[in-house]
Amino acid sequence: MTQNKANDIQFLYDPEAEKATIGAVIIDANAIHTISDITVEMFFVEENRTIWTAITDMTKKGIPLDMLTITQRLM
């Protein structure tokens with residue numbers, strides 16, 4: 001991969017936007033319904049993919065979303 005292509009890839013994702021998306025759900029669990037079209041494939045950072053997978057799995061199972069339940073799920 002050339003240097004230019006490597007630089008272009010960094011502009012295709014935004015780790016801060018990924019964190020903000022996860023944070024929105026942690027702050028307001030109902031936000032998951034507003035942004036339900038976001039898929040795990042849209043996350044670039046592996047840790048964020050793991051968290052988003054846990055959040056969507058919990059939502060499907062009807063488990064309440066908050067910092068404690070998400071943290072417990074990830075452990």
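Above this note sits the structure.
Thresholds applied
- Residues numbered from 1 in each chain as written.
- Predicted model: local features only at pLDDT ≥ 70, side-chain atom pairs only at ≥ 80, totals over all residues.
- Heavy atoms only, no water.
- Helix = DSSP H or I, 4+ residues; strand = E, 2+ residues; numbered from the N terminus.
- Expected span 1.5 Å × (residues − 1).
- Buried < 20%, exposed > 50% of the residue type's maximum accessible area, 1.4 Å probe, protein only.
- Arc of directions from axis to C-beta.
- Salt bridge = Lys/Arg side-chain N within 4 Å of Asp/Glu carboxyl O.

1. Let's talk about helix 4 (residues 46-60)
- An ideal rise of 1.5 Å per residue puts 21 Å on 15 residues; helix 4 measures up with 21 Å between its terminal C-alpha atoms.
- Considered for burial, the residues of helix 4 that qualify are N48, W52, A54, I55 and M58. Taken end-on, helix 4 shows its buried residues confined to a sector of 155°, consistent with a single buried face. Turned more than 90 degrees away from the buried face of helix 4, the exposed residues are E46 and K60.
- Where helix 4 ends, the next residue or the one after it, G62, has phi of about 75°, a positive value.

2. Observations concerning the pattern of salt bridges
- Summed over all chains, the structure comprises two salt bridges.
- Between K19 and E16 there is a salt bridge; the shortest N-O distance is 3.5 Å. Here K19 and its partner E16 are both found in helix 2 (residues 15-27), three residues apart, which amounts to about one turn of the helix.
- In this structure, D57 engages R73 in a salt bridge whose closest nitrogen and oxygen atoms are separated by 3.5 Å. One end of the pair, D57, is in helix 4; the other, R73, is in helix 5 (residues 67-74), with 16 residues separating them in the sequence.

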